[in-house]
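Commentary on secondary and tertiary structure
Residue strings, one per chain:
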Amino acid sequence: MHQKTEIAIIGGTGSQISLENPKVEKIFTPFGNTSSRIIIGNLKGKSVAYISRHGIGHVIPPHRINYRANIWALKELGAKFIISASAVGSLKKEHHKKKFIMVDQYVDRTKKRKDTFYEGGELCHIGQAEPYCSYLNDLFYNTGKEIDNMIIQNGGTYVCIEGPRFSTRAESKIYRQWGGDVIGMTAYPEVALCAEKELCHCCIAMVTDLDVWAGKCPNCGIVEIAESCSKCGARVEKLDVNVDEVLETQQENIAHLKAILEKAIPKINTERDCYCRHRLEGSIL
Ligand SMILES: [Zn+2]
Ligand SMILES: [Zn+2]
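Residues numbered from 1 in each chain as written. Chains lettered and ligands numbered in written order. Predicted model: local features only at pLDDT ≥ 70, side-chain atom pairs only at ≥ 80, totals over all residues. Heavy atoms only, no water.

**Side note on the coordination of the zinc ion (ligand 1)**
Working reference: metal with six octahedral donors, ideal angles 90 or 180 degrees; metal with four tetrahedral donors, ideal angle 109.5 degrees. Protein coordination of the zinc ion (ligand 1) is provided by Cys133 (SG), Cys200 (SG), Cys274 (SG) and Cys276 (SG), with donor distances spanning 2.2 to 2.3 Å. For the zinc ion (ligand 1), the four donor atoms are set out with angles of 91 to 118 degrees between them, so the coordination reads as tetrahedral. Mapped onto the polypeptide sequence, the residues donating to the zinc ion (ligand 1) form the spacing pattern C-x66-C-x73-C-x1-C. Separated by 74 residues along the polypeptide, Cys200 in strand β11 (residues 200–209) and Cys274 in the segment after α5 (243–264) bring together distant segments of the chain. Note on accessibility: Cys200 and Cys274 belong to one class, buried. (Donors = N, O, S within 2.8 Å, 3.2 Å for Na, K, Ca; no water. Tetrahedral: all angles 85-135°; square planar, octahedral: opposite > 155°, others 65-115°. Helix = DSSP H or I, 4+ residues; strand = E, 2+ residues; numbered from the N terminus. Buried < 20%, exposed > 50% of the residue type's maximum accessible area, 1.4 Å probe, protein only.)

See the structure below:
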């Protein structure tokens, strides 16, 4: 018999969370293995399940994550709320490093991921007009505002690319024109799978870098990359994203992530009243 828990955290790159009195659960799923064994423990008095999205030791690349197994297993443990942490690149100048964004929309640019639990027979066309839980987004945003030195925004569009490579400059500029706020490799299909299981889901996007659209003008600061600055004509220094930069900034983000999880999770009202638990109504054919 597995220990039940209503709240789960999916930890991303550089966001390992430790729980008090941890117990390890191995869940077998119809889709194969979860990314890591699931830890169940306490976070500020609340029972929480934790799964490491990239596996212990960060060994599973974004396109090889068994998203279906992870979400299925967390639902099996009784989860109603899934809180995902994601390190992301910024697509806008105002989303500087270390800013947190509670994502409320996404653009899916992935190509080869299993993104539904409904493979035939019973069909499901899950609605994704409002893909994230507004109750969780508001709760985390309001909590984050009260944390020292935390800059947090409620709402933003996450462009999810297949990876594992980073974008070209041409791609990065297009995603900006599409209205993307941040870019990453893991929000999809977690979000759609949570919807199919009628789970409340939020994605805490933590900016680690400025992706590859950005350059640095000696006079104007961060500008879109070009040979010369469109405002003052000075030579623009190219900025590139690399893994070291992502990990280094995420080291700084982790304290804020822990703080927001510890403050927001105990406030979650598990008698939920939001739209999320009715998502399958009108979706099954
Ligand atoms: Zn909800
Ligand atoms: Zn300039």
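**What about the pattern of salt bridges?**
Per the counting criterion, the structure on display carries ten salt bridges. Residue Glu190 is joined to Arg53 by a salt bridge in which the shortest nitrogen-to-oxygen separation is 2.6 Å. Placement of the pair is Glu190 in helix α4 (residues 187–196) and Arg53 in the loop between β4 (46–52) and α1 (67–76), with a sequence separation of 137 residues. In this structure, Glu190 and Arg53 share a single accessibility class: buried. Note that Glu252 is salt-bridged to Lys98, the shortest N-O span being 3.1 Å. A residue pair is termed long-range when its members are at least 10 positions apart, and Glu252 in helix α5 and Lys98 in the loop between β5 (81–90) and β6 (100–102) qualify at 154 residues. Taking relative accessible area as the criterion, Lys98 reaches 35% and is therefore assigned partly exposed. (Salt bridge = Lys/Arg side-chain N within 4 Å of Asp/Glu carboxyl O.)

**Examining the packing of α1 against α4**
α4 packs onto α1 with a crossing angle of 40 degrees between their chain directions and a minimal axis gap of 9 Å. Comparing their axes, α4 and α1 come out oblique. In the packing of α1 onto α4, the handedness of the crossing is right-handed. Mapping the contact onto sequence places Tyr67, Arg68 and Ile71 in α1 and Tyr188, Pro189, Glu190, Leu193 and Cys194 in α4. Tallied by class, the residues present in the contact of α1 with α4 amount to six nonpolar, no polar and two charged. (Axes fitted to C-alpha atoms, helices over the stretch in contact; angles between N-to-C directions. Parallel < 35°, antiparallel > 145°, perpendicular 65-115°, else oblique. Left-handed = near helix turned anticlockwise from the far one by under 90°. Contact = heavy atoms within 4.5 Å. Nonpolar A, V, L, I, M, F, W, Y, C, P; charged D, E, K, R; others polar.)

**A look at the coordination of the zinc ion (ligand 2)**
Cys217 (SG), Cys220 (SG), Cys229 (SG) and Cys232 (SG) make up the full set of protein donors to the zinc ion (ligand 2), lying at 2.3 Å. Along the chain, the residues that donate to the zinc ion (ligand 2) are spaced as C-x2-C-x8-C-x2-C. Here Cys229 lies in the loop between β13 (221–224) and β14 (237–238) and Cys217 lies in strand β12 (residues 214–217), a separation of twelve residues in the sequence. The pair Cys217 / Cys229 is uniform in exposure class, with both members buried.

**Description of the pairing of strand β9 (residues 157–161)**
The buried fraction of β9 is high, at five of five residues. Both faces of β9 are covered, namely the face carrying Thr157, Val159 and Ile161 and the face carrying Tyr158 and Cys160. With five bridges connecting them, strand β7 (residues 105–109) and β9 associate as parallel partners. Along β9, the bridge assignment pairs Val107 with Val159. Two elements, β9 and strand β10 (residues 182–184), share three bridges in a ladder whose sense is parallel. Among the inter-strand pairings, Val159 is bridged to a residue of β10, identified as Ile183. Once the chain exits β9 it traverses helix α3 (residues 169–177) before rejoining the sheet at β10, and the crossover so formed is right-handed. (Pairing = 2+ DSSP bridges. Right-handed = clockwise from strand over helix to strand, strands pointing away.)

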